[in-house]
Amino acid sequence: MQKFALITLRNDHIVGRGENRDSLDIEVYNLVLDLGLIPILVPNLPSLTIYFDGLLKKENIGLVLFSGGNDLLKFKKEIGTNVYKKRDELELNMIKYCTINSIPIFSICRGFQFIANYFGANIERLEGHINVNHEIYIENSKEKILVNSFHSFGLKYKNLPIQIKPLAIHKSDNSIEAFTTKEPFNSLNIMWHPERNNGAKLKTCNLIKEFLFTNHI
């Protein structure tokens, strides 16, 4: 039986209509399908996780995906940020659910920042990472890959919590582009967007399979 990928969503306030809308780039569906999983969208309702056990068997969930979009709630006072409190609350509940049920997490951009912040890492504003393509280097190898970049905030390679294991680095400013965790949950976290152009989609899928699926699916 094919397993499911639970996907969190960005939220945007539509001023002209007075609406808050959850949304997702539809290319994320194709990314999930390429991994052999069936996408299920999780709306930004923090209490929703209490119903998961009644709706889904945990052994049928192959992955939880924290998508991009929005900034962390901690940056709500920063100029130009786009935050949504209920999303932070939901994703915190999702972390707890994954920890209890040993479900791996894959996170993109904002999701990377959320996981790093969860462990107490220092997320800070970065320069030169918005709407550009740049090379990153895979740790402990000579491999480098070209990826896109659309973030204002990120994580520098300094004073890292012990749970965070850097996987890819942008050498020009020593910022971390990918990291993994093993405890208290298994995760792969990246700053680029594999669902967009120059997203190193094939490489990303291979990393997910290597770090998250080897002993899980």
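Keep in mind that this is a model prediction, so the values were computed, not measured. (Residues numbered from 1 in each chain as written. Predicted model: local features only at pLDDT ≥ 70, side-chain atom pairs only at ≥ 80, totals over all residues. Heavy atoms only, no water.)

1. Quick notes on the sheet that holds strand β9 (residues 144–150)
On the basis of which strands lie adjacent, the open sheet formed by nine strands has the order β4-β1-β5-β6-β13-β12-β11-β8-β9 and mixed pairing. Bordering the open sheet on either side are β4 (38–42) and β9, each of which pairs with just one other strand. Between one strand axis and the next, the sheet turns through 25 degrees on average, direction left out of account. Along the sheet face, helix α1 (residues 27–34) touches β1 (4–8), β4, β5 (61–66) and β6 (105–108) and points at about 135 degrees away from the line of β4. Sheet contacts for helix α4 (residues 110–118): β5, β6, β12 (175–181) and β13 (187–190); angle to β6, the most-contacted strand, approximately 120 degrees. (Pairing = 2+ DSSP bridges. Helix = DSSP H or I, 4+ residues; strand = E, 2+ residues; numbered from the N terminus. Axes fitted to C-alpha atoms, helices over the stretch in contact; angles between N-to-C directions. Contact = heavy atoms within 4.5 Å.)

2. A short note on the environment of Lys58
Following the sequence through the fold, Lys58 ends up in the loop between α2 (52–55) and β5. Taking the relative accessible area as the measure of exposure, Lys58 reaches 42% and is therefore partly exposed. Along the sequence, Lys58 and Lys3 sit 55 residues apart, while their C-alpha atoms lie 9.7 Å from each other. If we skip the residues at most four places from it in the chain, Lys58 touches Tyr97, Asn101 and Ile103. (Buried < 20%, exposed > 50% of the residue type's maximum accessible area, 1.4 Å probe, protein only.)

3. With respect to the packing of helix α3 (residues 85–101) against α4
The N-to-C vectors of α3 and α4 enclose an angle of 65 degrees; their axes lie 11 Å apart at closest approach. Relative to α4, α3 is oriented roughly perpendicular. Classified by chirality, the crossing of α4 by α3 is right-handed. Each of Arg87, Asp88, Glu91, Leu92 and Ile95 in α3 lies in contact with α4, whose residues at this interface are Arg110, Phe114, Ile115 and Tyr118. (Parallel < 35°, antiparallel > 145°, perpendicular 65-115°, else oblique. Left-handed = near helix turned anticlockwise from the far one by under 90°.)

4. Details of the pattern of salt bridges
Applying the stated criterion across every chain, the model contains twelve salt bridges. Taking the shortest distance from any N to any O, the salt bridge between Lys158 and Glu124 comes out at 3.9 Å. Of the two residues, Lys158 is situated in the loop between β10 (153–155) and β11 (165–170) and Glu124 in strand β7 (residues 123–125); the sequence distance between them amounts to 34 residues. Using a relative accessible area of 46% as the deciding quantity, one classes Lys158 as partly exposed. Lys144 is the partner of Glu135 in a salt bridge, and the nearest nitrogen-oxygen pair spans 3.7 Å. (Salt bridge = Lys/Arg side-chain N within 4 Å of Asp/Glu carboxyl O.)

5. So, helix α5 (residues 201–213)
Residues three or four positions apart in an α-helix share a direction because the helix packs 3.6 residues into each turn. Thr204, Cys205, Leu207, Ile208, Leu212 and Phe213 are the residues of α5 that are buried. Projected down its long axis, α5 shows its buried positions confined to an angular sector of 165 degrees, all on one face. α5 presents Leu202 and Glu210 as exposed residues on the side facing more than 90 degrees away from its buried surface. As for α5, its buried residues are in contact with α1, β5, β6, β11 and β13. (Arc of directions from axis to C-beta.)

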